[in-house]
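Listed here are the chains, written in short residue letters.
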Amino acid sequence: MDIILLAYLVIFALFGTAASYFVRYIYAYWVHNTMQIKYIYKAGICIISVVIVSGLIALFT
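As the structure is a computational prediction, the values presented were derived from the model and not from experiment. (Residues numbered from 1 in each chain as written. Predicted model: local features only at pLDDT ≥ 70, side-chain atom pairs only at ≥ 80, totals over all residues. Heavy atoms only, no water.)

**Student:** Just to check I follow, could you spell out a nonpolar patch on the surface for this structure?
**Tutor:** There is a patch of nonpolar side chains on the surface, built from I3, L6, L9, V10, F12, I48, I52, L56, L59 and F60 and spanning about 1,100 Å² of accessible area. Every element with two or more residues in the nonpolar patch is listed here: α1 (2-31) and α2 (37-60). The topology assignment puts V10 in helix α1. (Patch = residues over 30% accessible without salt bridge, like charges linked within 9 Å, V, L, I, M, F, W, Y side chains within 5 Å. Areas by Shrake-Rupley, 256 points an atom, 1.4 Å probe, with all protein chains shown as cover. Salt bridge = Lys/Arg side-chain N within 4 Å of Asp/Glu carboxyl O. Helix = DSSP H or I, 4+ residues; strand = E, 2+ residues; numbered from the N terminus.)

Right under this line is the structure:
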């Protein structure tokens, strides 16, 4: 049961990190008028990691 709770904590942290990268992208676009795609890539990596961790949760339960 503890590994499941740890996995949920990791998912929560990854969603927060992805949201942070999206906010950075929007800020760079609106304030600096630049499109920094690296933030979108990093947010995508976080979301893919969430999918992987979710799959591992399904495997362990």
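**Student:** Please explain unusual backbone geometry as it appears in this structure.
**Tutor:** Trans is the common state for peptide bonds, and a negative phi is the common state for residues other than glycine. We note that N33 has phi near 55°; this positive angle belongs to a residue other than glycine. One can find N33 in the loop between α1 and α2.

**Student:** I would appreciate a short explanation of α2 in the present structure.
**Tutor:** Because each turn of an α-helix spans 3.6 residues, side chains separated by three or four positions end up pointing in the same direction. The end-to-end C-alpha distance of α2 is 35 Å, a good match for the 34 Å that 24 residues give at a rise of 1.5 Å each. Of the positions making up α2, those classed as buried are Y39, A43, C46, V50, V53 and I57. Each element contacted by the buried residues of α2 is listed here: α1. (Expected span 1.5 Å × (residues − 1). Buried < 20%, exposed > 50% of the residue type's maximum accessible area, 1.4 Å probe, protein only. Contact = heavy atoms within 4.5 Å.)

**Student:** Got a minute to help me understand the packing of aromatic side chains in this structure?
**Tutor:** Centre-to-centre distance and the angle between the planes together describe a pair of aromatic rings. Taken as a whole and judged by the stated rule, the model has one aromatic pair. Considering the side-chain rings of Y21 and Y39, the 6.4 Å spacing of their centres and the 20° angle between planes classify their relative orientation as stacked. With Y21 in helix α1 and Y39 in helix α2, this pair connects stretches of sequence that are 18 residues apart. Assigned by exposure class, Y21 and Y39 land together as buried. (Phe/Tyr/Trp six-rings, centres within 6.5 Å; stacked < 30°, edge-to-face > 60°.)

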